[in-house]
Amino acid sequence: MSDPTNAPVNPHLAAYAARGLKGRILSGVQPTGNLHLGNYLGAIRNFARLQGDYECFYCVVDLHAITQPQDPAQLAAQTREIAAAYLAAGIDASRHAIFNQSAVPAHAQLAWVFNCVARLGWMNRMTQFKEKAGKDRENASLGLYAYPALMAADILIYKATHVPVGEDQKQHLELTRDIAIKFNNDFAQPDFFPVTEPLILGAATRVMSLRDGTKKMSKSDPSDFSRITLTDEADAIAQKIRRAKTDPHPMPADAAEAEKRPEADNLLGIYAALADIDRDAAIAEFAGRQFSDFKARLTDLAVEKLGPMGAEMKRLMADPAHVDRVLRAGADKANAVAEPILAEVYRAVGFLRP
């Protein structure tokens, strides 16, 4: 029988283990305004929690944002808002890179190479293009169609070993893995790009609308009462939770019942995530009680957790010069890693760089 201690070690992970780390992370958030509870619980809070165990690159994905029409002045302001949220959540910009994607040209340069590696059949299976393009596919931008190849480039330009993702991003990460494997095979570089692993964390990785438990909480929903934004004041948070859609029955008695009641299940998932307990514990705590009791406790918890972060975001956004300095320093760190990797890619492909 073979000794498991002598099994092959992923060379990308081995390099981090020698530094006392579990790997390298890349993730990002689009600067499209109205940062909400779903962004926080599904992504931003976890970014801060992961920084002790991983080398982290957190970008504001402004290249992805322009796959849809944007107001230029708003885009710039919203880029700063995302950066402020990263800082307010506790990400240490002195140790990790916080930057906007467009400030690192290698993202777009590698994306073109990946456009030539990815197959049309792979891209046609991407469900998010179908959802975002809707019925008017002929008027969708080419950038929206090629979005997943750029996402793969975002990850692999740093040879990231892990990516924290929500459930709706798992398909894109699978494409990233396919592209990495195909590039490695096509160019006889077996371990060039890592096969990136997903990190799906927390009790509420997919937060749903407060007005419809079957739809994801969204920045674009016309109803402000469908979401809690990270800069909402305590009164606004209380009002939105009080008006959140429920049903006429007492709180679910068990997980099986909760799954059949989407609005109750969503609110319980939010409570569990904010309280840092699992969903079953949240269900047990409130089983059979009235929604009014539960909503009062959820309101207190949301204000306690989100209030300080919202206040810090507002303080940071009032000092845009400071936020811009953080972004520039982060871009310098990111470019220092990305440019040598891009040079390796170009050599592997056969691009001449006299």
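Residues numbered from 1 in each chain as written. Predicted model: local features only at pLDDT ≥ 70, side-chain atom pairs only at ≥ 80, totals over all residues. Heavy atoms only, no water.

**Student:** Let's hear about the packing of helix 10 (residues 234–242) against helix 14 (residues 291–317): which residues, and what values?
**Tutor:** At their nearest, the axes of helix 10 and helix 14 sit 9 Å apart, and the two run at 145° to each other. Crossing handedness for the pair helix 10 and helix 14: right-handed. On helix 14, the residues that touch A234, I237, A238, I241 and R242 of helix 10 are K295, L298, T299, A302, V303 and L306. Here the contact of helix 10 with helix 14 is composed, by residue class, of 8 nonpolar, 1 polar and 2 charged. (Axes fitted to C-alpha atoms, helices over the stretch in contact; angles between N-to-C directions. Helix = DSSP H or I, 4+ residues; strand = E, 2+ residues; numbered from the N terminus. Left-handed = near helix turned anticlockwise from the far one by under 90°. Contact = heavy atoms within 4.5 Å. Nonpolar A, V, L, I, M, F, W, Y, C, P; charged D, E, K, R; others polar.)

**Student:** Lay out the packing of helix 4 (residues 72–88) against helix 14 in plain terms, naming residues and giving numbers.
**Tutor:** Orientation of helix 4 relative to helix 14, taken along the N-to-C sense of each, is 130°, at an axis distance of 9 Å. By the angle between their axes, helix 4 is oblique relative to helix 14. Crossing hand, helix 4 versus helix 14: right-handed. Contacts from E81, A84, A85, L87 and A88 in helix 4 reach M309, E312, M313, L316 and M317 in helix 14. Its residues placed into classes, the contact of helix 4 with helix 14 shows 8 nonpolar, no polar and 2 charged. (Parallel < 35°, antiparallel > 145°, perpendicular 65-115°, else oblique.)

**Student:** Could you give me a rundown of helix 13 (residues 279–286), with the residues and numbers involved?
**Tutor:** Taken together, the buried positions of helix 13 are A282, I283 and F286. Along helix 13, the residues classed as buried sweep out an arc of 100° about the axis, all on the same side. The exposed residues of helix 13 that point more than 90 degrees off its buried face are D280 and A284. Buried residues in helix 13 make contact with helix 11 (255–259), helix 12 (262–275) and helix 14. The residue sitting at the N-terminus of helix 13 and contributing the capping side-chain oxygen is D278; that oxygen lies 3.2 Å from the backbone nitrogen of D280. Looking one or two residues beyond helix 13, the residue adopting positive phi is G288, at roughly 80°. (Buried < 20%, exposed > 50% of the residue type's maximum accessible area, 1.4 Å probe, protein only. Arc of directions from axis to C-beta. Polar contact = N/O pair within 3.5 Å; in protein donor to acceptor, adjacent residues only side chain to side chain.)

**Student:** Lay out the environment of A284 in plain terms, naming residues and giving numbers.
**Tutor:** Within the element layout of this structure, A284 appears in helix 13. The exposed category is assigned to A284, whose relative accessible area is 58%. As for A284 and D212, which are separated by 72 residues in sequence, their C-alpha atoms are 24 Å apart.

**Student:** Can you explain the environment of F129? Please cite residues and give values.
**Tutor:** Residue position: F129 is located in helix 7 (residues 127–133). Considering only alpha carbons, one finds F129 and L144, 15 residues apart in sequence, at a separation of 6.7 Å. Filtering out sequence-adjacent residues up to four positions away, F129 remains in contact with G134, R137, A140, L144 and Y145.

**Student:** Kindly report on the pattern of salt bridges, identifying the contributing residues and their values.
**Tutor:** Evaluated as defined, the whole model comprises 18 salt bridges. Close ionic contact of D53 with K22 constitutes a salt bridge, the shortest N to O distance being 3.8 Å. Linking D53 in the loop between helix 2 (37–50) and strand 2 (54–60) with K22 in the loop between helix 1 (11–17) and strand 1 (23–29), this pair joins segments that are 31 residues apart in sequence. By relative accessible area, which is 48% here, K22 ends up partly exposed. Residues R49 and D276 are paired through a salt bridge, measuring 2.8 Å at the closest nitrogen-oxygen approach. With R49 in helix 2 and D276 in the loop between helix 12 and helix 13, this residue pair connects regions lying 227 residues apart in the sequence. Given a relative accessible area of 45%, R49 falls into the partly exposed group. Residue D276 is classed as partly exposed on the basis of its relative accessible area of 46%. Through salt bridges that share partners, D224, R227, D232 and K240 make up one connected network. (Salt bridge = Lys/Arg side-chain N within 4 Å of Asp/Glu carboxyl O.)

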